[in-house]
Protein chains: 2
Amino acid sequence: MRTLRVELGERSYPIYIGDGLLGQGLVAEHLAGDRALLVSNETVAPLYADRLGEPDGVAQSVVLPDGERYKSLATCEQVYDALIEGRFDRSATVVALGGGVVGDLAGFCAATFQRGVGYIQVPTTLLAQVDSSVGGKTGVNHPKGKNMIGAFHQPRAVVADTGVLATLPERELSAGLAEVVKYGLIRDPELFDWLEANAEPLRRREPDALAHAVAASCRNKADVVAADEREAGVRALLNLGHTFGHAIETSTGYSAWLHGEAVAAGMCMAARMSVALGWLAPEGLRRIEALLARFGLPTQPPAIPEARFRELMSVDKKSSGGQLRLVLLQGIGDAVVTGAFDPAALTRTLRESAA
Amino acid sequence: MRTLRVELGERSYPIYIGDGLLGQGLVAEHLAGDRALLVSNETVAPLYADRLGEPDGVAQSVVLPDGERYKSLATCEQVYDALIEGRFDRSATVVALGGGVVGDLAGFCAATFQRGVGYIQVPTTLLAQVDSSVGGKTGVNHPKGKNMIGAFHQPRAVVADTGVLATLPERELSAGLAEVVKYGLIRDPELFDWLEANAEPLRRREPDALAHAVAASCRNKADVVAADEREAGVRALLNLGHTFGHAIETSTGYSAWLHGEAVAAGMCMAARMSVALGWLAPEGLRRIEALLARFGLPTQPPAIPEARFRELMSVDKKSSGGQLRLVLLQGIGDAVVTGAFDPAALTRTLRESAA
């Protein structure tokens, strides 16, 4: 088992990473005697919920429907109901067992029940293990926008069992790997090299390779978040590929493309724009596209007219005060957040994509 | 104009108190160029919303139905809708114009829209001016419990215009005064003396008297909150009369009694129990009852059977880990939070009340 510590002063917490961690009592260790409510979904609960019973002291649970469309205030009501009907008080701890939807929603309920109770994450998708484990972002969607309603709320601990990834659908594994590639691209050239050398073991879900990928991703994200907990500055680097990616997701109705797939295509667009600006060598773009393709990820967005793409990008919440800021590459492992770029490079990138 | 500063490190903010502050541009001063959404209700908006227009830079507004039963997640949706339809982003500021319901709900929306945007309070009831101005508590009710869903979110500024209290119904003025008496009882004997000497000017709503009462209350609450922002310790003193009071409110369905009226009767019960314990002199109880009566406030709860009263008290969220803790008096201006009391004193107090 690897243990990382996310350093956030009095809100610091550990991330445990390894094969077969569920049922070893790691959750119970962080309950500190509090009563726990397990929040999971109908896909994950039948597979893994019982492993958190006796050994981890989780006696009550609420099982939600599965899917992004249930990441809503209405579904939160089910969690609040379970907390109140179970007579949980301020010493409650919410344990989230599932992917990003369950984690974000359960975390938001923990952030807001009685103005904040304990929260432990047990992420069961690669994406959730490498992304939601660090950062404290919780929230739900509004009918008119993703993650519009939320709060920052740090977990007490994260238990990332790479063994549960064995049941993850192939596409979801790939979508998680897109975010791992992202950490390599924004600040960790050695991770990128390692991914090129270990793409096959990862696709075969070898426990050691998965644990390395999760640990390296969490370490990178933790370093960024520790420097910028409330997303005022460098944390925006984590959005590489996301402004383009959100436009793809919105355009395709959040159903055809998985988030990680949209981010993969979005990172390729950011890389192409960086090449057009003369900031990134063409060889860098080639390596990025090749690695993502080996992971079974798309490197091109769907055909979206330029004007529509611009419109979808400008409503992305990362735009601030009207100016579009993008995360662009100056090399593999070297990203910048900037609004100071030649607009012709963006135009060229969008037109190529629409073709 | 009096200005108090609530010291909370980087979350410090000013409270402006005085007659005729609306429309002087104090809100605009704290917008710092952000776009503002005014949140008010159908009672207050027609009276005062226009004063926050031009001079204060508030161009858009959402008007909610009036009443505690609208303090719900469903009403929050109206505010989220207005924010999203108005294309507000992370640089939005929510301005709450109204009493406690509007302030708590708008504050919760500000705490959770895009994981937290700016918030300015313009409280229009005495209760909101002396209570919600300080503490950062925001939230809404759940069908099964008051304030079950919420967040801590500090405002950027509070503008407490004592002039708007001119239109406040008599009962609501009295209910606000109950909380002012509370500050005297828990830690400020001079304020209690001053209230005894100035009860009539306050009931006549003389601006100077109101400003003194608001400023003294906010100063007391700010001192307590600064010492205990997250309600781990001394902040519980602010709940004097509230555990008894919540039981009264729940028993009467949150409609017959105003919160401040229930707190007034609850404080008398706490004082009676303190006398029964030998902690408070009978003369102290007499002064408390006399002052509250002069403010037109009840000093006795409605008839509630002892067993029912106990049941209602034990589900109050201030109970922690099963043990009932109460705020009791050792003198006027000297309160303690304790679970270490002779249970016979509580029994006697509850039986007297049920009679």
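All of these numbers come straight from a predicted model, not from anything done at the bench.

So, the overall build of chain A
1) Next: Broken down by element type, chain A carries 14 helices and 11 strands.
2) Next: A compact globule built from 355 residues would reach a C-alpha radius of gyration of about 20 Å, and chain A, at 20 Å, matches this within 12%.
3) Next: Expressed as a percentage of its 355 residues, the buried residues of chain A come to 63%.
4) Next: Of all intrachain contacts in chain A linking residues separated by at least 6 positions in sequence, the fraction that spans at least 24 positions is 74%.
5) Next: For chain A, the exposed surface amounts to about 12,900 Å²; the carbon and sulfur share of it is 49%.
6) Next: Distance between charge centres in chain A, computed from 35 positive and 42 negative side chains, equals 4 Å.

Concerning the sheet that holds strand β6 (residues 118-123) of chain B
The strands making up a sheet associate through hydrogen bonds between their backbones, and the pairing can be parallel or antiparallel.
All names here are of chain B.
1) Next: The strand order across the open sheet formed by seven strands is β1-β2-β9-β6-β5-β3-β4, and the pairing between neighbours is mixed. Only two strands of the sheet have a single neighbouring strand rather than two, namely β1 (2-6) and β4 (60-64). Across the sheet, the axes of successive neighbouring strands diverge by a mean angle of 15°, strand direction being ignored.
2) Next: Contacts between helix α3 (residues 73-85) and the sheet are confined to β3 (35-41), β4 and β5 (92-98), with β4 contributing the most and set at about 165° to the helix.

A closer look at the pattern of salt bridges
All names here are of chain A.
1) Next: Inspection of every chain in the model, using the stated rule, returns 46 salt bridges over all chains.
2) Next: In this structure, E170 and R203 form a salt bridge, with 3.2 Å as the shortest nitrogen-oxygen distance. Taken together, the residues span a long stretch of sequence, with E170 in helix α6 (residues 170-187) and R203 in helix α8 (residues 199-203) at a distance of 33 residues.
3) Next: Under the relative-accessibility criterion, E170 is labelled partly exposed at 42%.
4) Next: You can call R203 partly exposed: its relative accessible area is 26%.
5) Next: Residues joined by salt bridges that share partners form a network here, namely E68, K146 and E249.

A few points about the pairing of strand β6 (residues 118-123) of chain A
All names here are of chain A.
1) Next: Along β6, six of the six residues are buried, which leaves the element largely enclosed by surrounding structure.
2) Next: Of the two faces of β6, the one lined by G118, I120 and V122 and the one lined by Y119, Q121 and P123 are each fully buried.
3) Next: For strand β5 (residues 92-98) and β6, the ladder comprises six bridges, and the chain directions are parallel. Bridge pairing in β6 links L97 to V122.

A few points about the packing of aromatic side chains
1) Next: In the structure shown here, the tally under the stated rule is two aromatic pairs over all chains.
2) Next: Here F244(A) and F309(A) contribute two aromatic rings whose centre-to-centre distance is 6.3 Å and whose plane-to-plane angle is 65°, an arrangement assigned as edge-to-face. Residue F244(A) is found in helix α10 (residues 242-251), and its partner F309(A) is found in helix α13 (residues 306-314); the two are separated by 65 residues along the sequence.
3) Next: Across the ring face of Y183(A), the terminal group of K182(A) is positioned such that the distance to the ring centre comes to 5.0 Å.
4) Next: Here the guanidinium or amino end of R115(B) rests over the ring plane of F152(A), the centre of that ring lying 6.0 Å away.

Here we look at the nonpolar core
1) Next: Counting residues in each nonpolar core, the largest one holds 98 residues, and the members touching the most others are F244(A) and I288(A).
2) Next: Examining the composition of this core, we find that 11 residues originate from one element, helix α9 (residues 207-227) of chain A, more than from any other.
3) Next: Not counting residues within four places of it along the chain, the set of residues in contact with F244(A) comprises G266(A), M269(A), A270(A), M273(A), F309(A), M313(A), L326(A), L346(A) and L350(A).
4) Next: Counting 96 residues, the second largest nonpolar core, distinct from the first, contains L126(B), V134(B), A216(B) and A345(B).

Observations regarding the domain arrangement of chain A
Residue and element names in this part refer to chain A.
1) Next: The domain boundaries assigned to chain A delineate domain 1 (2-167) and domain 2 (170-354).
2) Next: Placing a centre on the C-alpha atoms of domain 1 and another on those of domain 2 gives a separation of 26 Å.
3) Next: Taken residue by residue, the interface counts 29 residues in domain 1 and 32 residues in domain 2.
4) Next: Buried surface at the junction of domain 1 and domain 2, summed over both partners, amounts to about 2,600 Å²; 63% is from carbon and sulfur atoms.
5) Next: When the buried area of domain 1 at its contact with domain 2 is split by residue, L126, V130 and K146 rank highest and sum to 23% of it.
6) Next: Put simply, domain 1 and domain 2 have two salt bridges between them.

Overview of the side chain of D34(B)
All names here are of chain B.
1) Next: By the secondary structure assignment, D34 is in the loop between α1 (26-31) and β3.
2) Next: In this structure the side chain of D34 is engaged in a polar contact, spanning 3.0 Å, whose partner is the side chain of R156.
3) Next: For D34, the residues in contact, after removing those within four places along its chain, are S91, A92, T93 and R156.

Some remarks on the packing of helix α11 (residues 259-276) of chain A against helix α12 (residues 282-294) of chain A
All names here are of chain A.
1) Next: Where α11 meets α12, the axes come as close as 9 Å, and the angle between the chain directions of the two elements is 170°. Regarding the angle of α11 to α12, the classification is roughly antiparallel. Contacts between α11 and α12 involve A264, M267, C268, A271, R272 and V275 from the former and P282, L285, I288, E289 and L292 from the latter.

Digging into the sheet that holds β6(A)
Residue and element names in this part refer to chain A.
1) Next: One open sheet accounts for seven strands, arranged β1-β2-β9-β6-β5-β3-β4; its pairing is mixed. The open sheet is flanked by β1 (2-6) and β4 (60-64), the only strands paired with a single partner. With direction set aside, neighbouring strand axes in the sheet form an average angle of 15°.
2) Next: Sheet topology note: the β6/strand β9 (residues 157-161) ladder contains two bridges and is parallel. Counted as the bridge partner of Q121 is V158 from β9.
3) Next: Across the face of the sheet, helix α3 (residues 73-85) comes into contact with β3 (35-41), β4 and β5 while running at roughly 165° to β4.
4) Next: Contacts from α9 reach β1, β2 (13-18) and β9 within the one sheet, and its direction differs from that of β1 by about 10°.

Examining the pairing of strand β10 (residues 326-331) of chain B
Residue and element names in this part refer to chain B.
1) Next: Buried residues dominate β10, accounting for five of its six residues.
2) Next: Summarising the sheet, β10 and strand β11 (residues 334-338) pair through five bridges and their orientation is antiparallel. Pairing of L328 across the sheet is with V336, part of β11.
3) Next: What sits between the antiparallel neighbours β10 and β11 is a turn of two residues, in which G333 has the positive phi angle 95°.

Criteria and cut-off values
Residues numbered from 1 in each chain as written. Chains lettered and ligands numbered in written order. Predicted model: local features only at pLDDT ≥ 70, side-chain atom pairs only at ≥ 80, totals over all residues. Heavy atoms only, no water. Helix = DSSP H or I, 4+ residues; strand = E, 2+ residues; numbered from the N terminus. Rg over C-alpha atoms; globule rule 2.2 N^0.38 Å. Buried < 20%, exposed > 50% of the residue type's maximum accessible area, 1.4 Å probe, protein only. Contact = heavy atoms within 4.5 Å. Areas by Shrake-Rupley, 256 points an atom, 1.4 Å probe, with all protein chains shown as cover. Lys, Arg positive; Asp, Glu negative; His and termini not counted. Charge placed at Lys NZ, Arg CZ, Asp CG, Glu CD. Pairing = 2+ DSSP bridges. Axes fitted to C-alpha atoms, helices over the stretch in contact; angles between N-to-C directions. Salt bridge = Lys/Arg side-chain N within 4 Å of Asp/Glu carboxyl O. Phe/Tyr/Trp six-rings, centres within 6.5 Å; stacked < 30°, edge-to-face > 60°. Lys NZ or Arg CZ within 6 Å of the ring centre and 35° of its normal. Core = buried A, V, L, I, M, F, W, Y, C linked by side-chain atoms within 4.5 Å. Domains from an automatic or database assignment. Buried area = accessible area lost by both parts, 1.4 Å probe. Polar contact = N/O pair within 3.5 Å; in protein donor to acceptor, adjacent residues only side chain to side chain. Parallel < 35°, antiparallel > 145°, perpendicular 65-115°, else oblique.

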